[in-house]
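Read off the chains here:
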Amino acid sequence: MNGPAVVSIYGFEMARTFRTIVQSIVSPVLTTSLYFVVFGSAIGSRMTEVHGVPYGAFIVPGLIMLSILTESISNSSLGIYFPKFTGTIYEILSAPISAVEIVMGFVGAAATKSMMIGTIILATASLFVPLQIVHPFWMVVVMVIMSVAFSLFGFILGVWADGFEKLSFVPVLIITPLTFLGGSFYSIDMLPPFWHTVTLFNPVVYIISLFRWSFFGTADVSVGVSLAMTLLFIAGCLGFITWIFKTGYKLKS
Amino acid sequence: MPSIISVSGLSKKYKSGLEALSGINLEIERGEIFALLGPNGAGKTTLISIICGIVTPSDGKVTVDGHDIITDYRAARSKIGLVPQELTTSAFETVWATVSFSRGLFGKPANPAVIEKVLKDLSLWDKRNSKIRQLSGGMKRRVLIAKALAHEPTVLFLDEPTAGVDVELRRDMWNLVRGLRASGVTIILTTHYIDEAEEMADRIGVINKGRIMLVDDKTSLMRKLGRKQLALQLQDKLSAVPAVLAPFKLELSASGLEITYTYENQEEARIPELLKAVTDAGIVFKDLHTSQSSLEDIFVNLVTDRKGATP
């Protein structure tokens, strides 16, 4: 195990985060506040409770998750894409470091930043709506799981992308729709039966359900199924990353 | 003592079908400066990239200090420092941070004293808190060398180290290389300049089209490759070379207006002697120029020689 290498990559990536700390924090706080003004107060006041939870509080897990997904993917993908773009990847490839250690460094840093932002949003949200968290331990666990899961996904995206266009294409055209349609801001029970079935193919559904359960103790999908599906998503990402390093896909010729 | 790097039967065929290396066998001796000489696209960078772990070989075996680069990559790679050809640096880190990063990446615990020494050796100490993007091209090249040395490697690869480098940096770099060699570091550099190989190397390998054409001691190789000519344009037509000039083996052109002296690099010292002899013989020349066979000529010669040798 090359500990200093993992620490180096992690430290390098975190330094990148702290260089842009103002925009890293201001942007999610502002976005969250806007969501609360629009959905929580303006529209939410006219909406009934969902599963016995006031709408303003109901959207909090969705908002946190939306930011965590976006941040995880963008940080992790940029983290590995940028060295490819500038050519500095040569140093990582020539270092005595294993694939696991490379992933630990990049994904660990991206997940850390996501969790920091998730926590900031949670704090911001608590200023707008009274929040009670039924399972605080699980809330933290799920936050870690989804940060890691989507940072792994972002890593794959960063390796695959060969231009900045592709790098922004996937989050905008795939991840954001999946998040919005995955029940981040509503219960999928509200959907007509056909769309309810369709939406079950969306991995985000399981993660948000799990996350919301940790807040309110109620869920769209059973906790066991959600956890299993989320871990399956992580396993899929890990499998893909293993294949990337085994074949050198887009990293080594 | 066994070689520090041993390459046997190494081949690389890229997905595009390009065969960059075919059947390379090469032994690098401990503590030497080895220059890999070849034209652009000869396979120099591919060979280095395979040894360093950046490119996957198609076939063959490489060991670094006895460690296989695939099965025992950690031990092999931790011995190597690589200075790439391109100026590939991150932009926003400070010099100190990026050099420390490299040390960590190669598994060495932080050691500010080592980083300080490396930066001072490369005249980067004053710039340690500068961001890399603020540095000039030459300074960036120094940063890349500092990064490669941060983990105290025993083998240093310099890929085209003096391409686009000013005289001062070039001199500093050679001093550094000599100092490293004195401390026991093996240095492998690639170049397409003959004089560079001549100045620095103990041994020279010539590579062309993915094959090692020859590997030889510098002095014997320069004798084969470094042929120069001095041409004198004469004021008056000469019918024959005077007998006093016979030791120089001069050639007289058909027009009788030019004499050519062919010599090896080591014989430059004889030129004043020749010019004096020419003047003493009463021959007046109005112009002179020297020429050196270009690397391309040399490769053409090497290739034709090879073809001639095999029936």
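Anyway, here's the lowdown on the structure attached to this text.

About the cut-offs
Residues numbered from 1 in each chain as written. Chains lettered and ligands numbered in written order. Predicted model: local features only at pLDDT ≥ 70, side-chain atom pairs only at ≥ 80, totals over all residues. Heavy atoms only, no water. Helix = DSSP H or I, 4+ residues; strand = E, 2+ residues; numbered from the N terminus. Buried < 20%, exposed > 50% of the residue type's maximum accessible area, 1.4 Å probe, protein only. Contact = heavy atoms within 4.5 Å. Areas by Shrake-Rupley, 256 points an atom, 1.4 Å probe, with all protein chains shown as cover. Lys, Arg positive; Asp, Glu negative; His and termini not counted. Charge placed at Lys NZ, Arg CZ, Asp CG, Glu CD. Patch = residues over 30% accessible without salt bridge, like charges linked within 9 Å, V, L, I, M, F, W, Y side chains within 5 Å. Salt bridge = Lys/Arg side-chain N within 4 Å of Asp/Glu carboxyl O. Polar contact = N/O pair within 3.5 Å; in protein donor to acceptor, adjacent residues only side chain to side chain. 1 Å grid on protein atoms, 1.4 Å probe; cavity = no way out; pocket = protein on both sides within 12 Å on 5 of 7 lines; lining within 4 Å. Points joined across faces, edges and corners; volume = space filled by probe spheres on them. Nonpolar A, V, L, I, M, F, W, Y, C, P; charged D, E, K, R; others polar.

Counting secondary structure elements, chain B contains 10 helices and 14 strands. Summarising its shape, the C-alpha atoms of chain B cover approximately 75 × 55 × 40 Å along the three principal directions. In chain B, which comprises 311 residues, the proportion classed as buried is 48%. Sequence separation of at least 24 residues holds for 69% of the intrachain contacts in chain B that already meet a minimum separation of 6. Carbon and sulfur atoms make up 52% of the accessible area of chain B, which totals about 14,700 Å². Here chain B contributes 40 positive and 38 negative side-chain charges, whose respective centroids are spaced 6 Å apart.

Another point: a nonpolar patch on the surface. Residue and element names in this part refer to chain A. On the surface, a cluster of nonpolar side chains totalling about 540 Å² of accessible area is made up of Val37, Val38, Ile43, Met47, Leu127 and Phe128. Secondary-structure elements contributing two or more residues to the nonpolar patch are helix H2 (21–43) and helix H5 (99–128). With 3 residues, the single largest contributor to the nonpolar patch is H2. Its location among the elements puts Phe128 in helix H5. Given a relative accessible area of 40%, Phe128 falls into the partly exposed group.

All names here are of chain B. Here Thr190 is to be found in strand S8 (residues 186–191). Linking Thr190 and Leu37, residues 153 residues apart in sequence, is a C-alpha distance of 5.9 Å. Beyond its immediate chain neighbours, meaning those up to four positions away, Thr190 contacts Leu36, Lys44, Ile48, Leu158, Asp159, Glu160, Pro161 and Glu196. Here the side chain of Thr190 touches Asp159 through a polar contact of 2.6 Å, side chain to side chain. At a separation of 2.9 Å, a polar atom in the side chain of Thr190 contacts the main-chain amide nitrogen of Glu160.

Moving on: the layout of surface pockets. Estimated volume of the largest pocket: approximately 700 Å³. Forming the walls of the largest pocket are 34 residues, and the residues nearest its centre are A:Arg16, A:Asn75, A:Leu78, A:Gly79 and A:Phe82. Elements represented by at least two residues in the lining of the largest pocket include exactly helix H1 (3–19), H2, helix H3 (55–86), helix H4 (89–94), H5 and helix H7 (164–181) of chain A together with helix H3 (95–105) of chain B. Of all the elements, H3(A) adds the most residues to the lining of the largest pocket, at 9 residues. For the lining of the largest pocket, the residue count by class is 12 nonpolar, 14 polar and 8 charged.

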